[in-house]
Amino acid sequence: MNSVFDYSGFLEETLQESRKHAERGQVASYIPELKKADPRMAGVALMTPQGLFEAGDSRVDFTLQSISKVISLLVALEQRGVEAVFSKVGSEPTGDSFNSIVKLETSEQKPLNPMINAGAIAVCSLIPGSSVEDRFARIADLLEKILGRPVEVDESVYKSEKETGHRNRALAYFLKDINGLEGDVEEVLDLYFRQCSILVNCADLARIGMFLATKGIGDDGTPIVSAKAVRLASAFMVTCGMYNGSGEFAIQVGIPAKSGVSGGILGVVPGQYGVATFGPALDRKGNSVVGISMLRRLSEVLDFSIF
Ligand code: GLN
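Each value, and the rule that gives it
- Starting afresh in each chain, residues are numbered from 1 along the sequence in its written order.
- Reporting of local features is limited, given that this is a predicted model, to residues whose pLDDT is at least 70; pairs of side-chain atoms are given and counted only at 80 or more, and all residues count toward the totals for whole chains, interfaces and linings.
- Here the side-chain values reflect all heavy atoms present in the structure, with hydrogen atoms and water set aside.
- Two strands qualify as a pair provided DSSP detects at least 2 bridges between them.
- Starting at the N terminus, helices and strands are each numbered in turn, a helix being any DSSP run of H or I of at least four residues and a strand any DSSP run of E of at least two.
- Computed over the protein atoms alone on a 1 Å grid, cavities are sets of points where a 1.4 Å probe fits but cannot get out and pockets are open sets with protein on both sides within 12 Å along at least five of seven lines; a residue lines them when it has an atom within 4 Å of a point.
- Grid points are joined across faces, edges and corners, and a volume is the space filled by probe spheres set on the points.
- Note on residue categories: nonpolar means Ala, Val, Leu, Ile, Met, Phe, Trp, Tyr, Cys or Pro, charged means Asp, Glu, Lys or Arg, and polar means any other residue, Gly included.
- Any Phe, Tyr or Trp ring, taking Trp's six-membered ring, that has another such ring centre within 6.5 Å forms a pair; planes under 30 degrees apart are called stacked, those over 60 apart edge-to-face, and the others tilted.
- Accessibility here uses a 1.4 Å probe with only protein chains present; expressed as a share of the type maximum, an area under 20% marks a residue as buried, one over 50% as exposed, and anything in between as partly exposed.

Asker: Explain the pairing of strand β3 (residues 51-56) to me, and be specific about the residues and the numbers.
Answerer: In the sheet, strand β2 (residues 43-48) pairs with β3 via six bridges, with the strands oriented antiparallel. Bridging across to β3, T48 finds its partner in G51. Hairpin connection of β2 to β3: two residues between the antiparallel strands.

Following this line, the structure appears as structure tokens:
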């Protein structure tokens, strides 16, 4: 794609074409605070070597939710090492939903991968620090380095999930029982709920995408995390990032990606682009319907697929 390509016009057209699909999905309701989102919102942002292009609600803030799993995985890999991480989580995709409890009691006695809730909670338990604040600061620090600005937690979403996250609580206590979680269960859950409630917008996510697309290099050209950690996280994004919709997404879009239940999708086109979409109406697998529709079109026209 050359530099005269009209990215802005293309993003706008893609957004208008895709936003009608919102009616096929539903806003997440199991976290009460997320129910308030307007299902008609839609945003897209593309970070290119020529700069950032965006359309629609690309500056509307939403919570990271499961997209935070990529960030905490990078922190755990960097601070505790590959071996420690893989002692607590596996590396296989699952056909079950993101918050499933079924496969926990498998022969390996550890969550299948770090992109499902159980795996992400196990990864959180590995993040070092003397208090939740201290551990959270490591996640926030990495994000702040990538984004070049301080990050904030949406306190009402955080409280809402902390009060109603019974299933995540059940997963965490089960993990503790099978020696799959380090430290205090409630502290680890608190860290997990906080990371899920960090506020971002599409422009931020496109920046994070570009950081991963360039193997962990920041805006100013300095390495922020090791290329090895980025490679592992990207592989997990391909195989598990869209949960039990990852296979279809690999065929239709073909890039490392991570979705969250508030409607964001972070995408990485290695060596080329960071891409992000937002649309709170979700399909049954918990992925944004408008987001997937936009990414399919972007992939087709800009030739995203890594395959
Ligand atoms: N905070 C959410 C949860 O644990 C994250 C899940 C998601 O985004 N899929 O249920």
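Asker: So what about the layout of surface pockets? Which residues, and what values?
Answerer: Each pocket or cavity is described by its volume, and for the largest pocket that value is around 450 Å³. Taken together, 18 residues make up the lining of the largest pocket; nearest its centre are R24, Q252, I292, S293 and R296. Every element with two or more residues in the lining of the largest pocket is listed here: α1 (7-18), α11 (246-252) and α12 (289-302). The element best represented in the lining of the largest pocket is α12, accounting for five residues. Residue composition of the lining of the largest pocket, by class: three nonpolar, seven polar and eight charged.

Asker: Give me the packing of aromatic side chains: which residues, what numbers.
Answerer: The final tally for this structure, using the stated rule, is ten aromatic pairs. Geometrically, the ring pair formed by Y7 and F53 is tilted, given 4.9 Å between the ring centres and 35° between the ring planes. With Y7 in helix α1 and F53 in strand β3, this pair connects stretches of sequence that are 46 residues apart. Looking at Y7, the relative accessible area reads 3%, which means it is buried. Between F98 and Y243, the ring centres sit 5.1 Å apart and the planes meet at 40°, which makes this aromatic pair tilted. With F98 in the loop between α3 (82-88) and α4 (117-124) and Y243 in the loop between α10 (227-240) and α11, this pair connects stretches of sequence that are 145 residues apart. Of the two residues examined, F98 and Y243, each falls in the buried class.

Everything listed here is a matter of geometry and, on its own, says nothing about what the molecule does.
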